[in-house]
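The chain contents come next:
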Amino acid sequence: MSFTSQHLFFDDVEVGQHWLSLGRTITETDIVNFAGLSGDFNPIHIDHEFARSTPFRRSIAHGLLVFSVGSGLGVNIPIMRTLAVLSIRDWQFREPVFIGDTIRVRSEVLEKEARSRGRRGVITWKRQLINQEGKVVQEGVTLTLVEGRAAAGQQGDEPPPTDENAP
């Protein structure tokens, strides 16, 4: 997918801005597919009988599956000209995610650092994955490298409107 005129540049976002993604429901098929892809067949994820004997009393989604779904949801809110993920810091797995839970991502710009004379910049994000009950199930800080307007020679363009619908 190429960047479009809707993709935001580094210059288009400000510290303190926040967004809330659409939701994505975690299914049993997601868990089985992720187990096959990752090789993680821990019975807490795929053996319903075993899972009943755990403190959760039922199967839980892989933490990295939920993280991956959150990463995908975050790509579109806000839709940025992201060139690379640079780091993931202080990531916490706070609550289990069960089959049927719906995940959303709350993203907030914590810091910005221009690089390469405005051709790129590093954005520090606070990311929270929240379930349908509003509980934070995972959270942490990510740093992304984002294209700046100077790289595209579009310094005079008006940025497209943002979606600041987070609570």
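Above this text is the structure in question.
As the structure is a prediction and not an experimental result, all values here were calculated from the model. (Residues numbered from 1 in each chain as written. Predicted model: local features only at pLDDT ≥ 70, side-chain atom pairs only at ≥ 80, totals over all residues. Heavy atoms only, no water.)

Chemist: Quick rundown of empty space enclosed by the protein? Include the residues and the values.
Modeler: Gaps left between atoms are located by rolling a probe of water-molecule size over the structure's atoms. Scanning the entire structure with this criterion turns up 1 cavity of 30 Å³ or more. Taken as a whole, the largest cavity holds about 30 Å³ of empty space. In terms of lining residues, the largest cavity is bounded by Glu28, Ile31, Val32, His45, Ile46, His48 and Ile99. Residue assignment for the lining of the largest cavity shows that the elements contributing at least two residues are helix H1 (28–38) and helix H2 (43–46). With 3 residues, H1 is the single largest residue contributor to the lining of the largest cavity. In terms of residue class, the lining of the largest cavity is made up of 4 nonpolar, 2 polar and 1 charged. (1 Å grid on protein atoms, 1.4 Å probe; cavity = no way out; pocket = protein on both sides within 12 Å on 5 of 7 lines; lining within 4 Å. Points joined across faces, edges and corners; volume = space filled by probe spheres on them. Helix = DSSP H or I, 4+ residues; strand = E, 2+ residues; numbered from the N terminus. Nonpolar A, V, L, I, M, F, W, Y, C, P; charged D, E, K, R; others polar.)

Chemist: Report on H1, specifying residues and quantitative values.
Modeler: Those residues of H1 not exposed but buried are Asp30, Ile31, Phe34 and Ala35. For H1, the angular spread of buried residues about the axis comes to 130°, placing them on one side. Across from the buried face of H1, at angles greater than 90 degrees, the exposed residues are Thr29, Asn33 and Leu37. Lining the buried residues of H1 we find strand E2 (24–25), H2 and helix H4 (63–76). Count one or two residues on from H1 and you reach Gly39, which has phi positive near 85°. (Buried < 20%, exposed > 50% of the residue type's maximum accessible area, 1.4 Å probe, protein only. Arc of directions from axis to C-beta. Contact = heavy atoms within 4.5 Å.)

Chemist: Got a sec to walk through the packing of aromatic side chains? Specific residues and values, please.
Modeler: On inspection of all chains with the given rule, the structure shows 2 aromatic pairs. Seen in terms of ring centroids, Phe67 and Trp91 are 4.9 Å apart; in terms of plane orientation they differ by 90°. Their pairing is edge-to-face. In this pair, Phe67 sits in helix H4 while Trp91 sits in strand E3 (residues 82–93), placing the two residues 24 residues apart along the sequence. Given the relative accessible area of 15%, Trp91 is considered buried. It is Arg58 that lies over the ring of Phe98; its NZ or CZ is 3.6 Å from the centre. Looking at Lys112, its charged tip hangs above the ring of Phe10, at a distance of 4.4 Å from the centre. (Phe/Tyr/Trp six-rings, centres within 6.5 Å; stacked < 30°, edge-to-face > 60°. Lys NZ or Arg CZ within 6 Å of the ring centre and 35° of its normal.)

Chemist: How would you sum up the nonpolar core? Please name residues and give values.
Modeler: Formed by 14 residues in total, the largest nonpolar core has its most connected members in Ile26, Ala61, Leu65, Val66, Val97, Ile103 and Leu129. Of all the elements in the fold, those that place two or more residues in this core are H1, H4 and strand E4 (102–115). Per-element tally for this core: the top contributor is H4, with 4 residues. If you look at the next biggest cluster of nonpolar residues, it comprises 10 residues, including Phe10, Ile77, Val109 and Val146. (Core = buried A, V, L, I, M, F, W, Y, C linked by side-chain atoms within 4.5 Å.)

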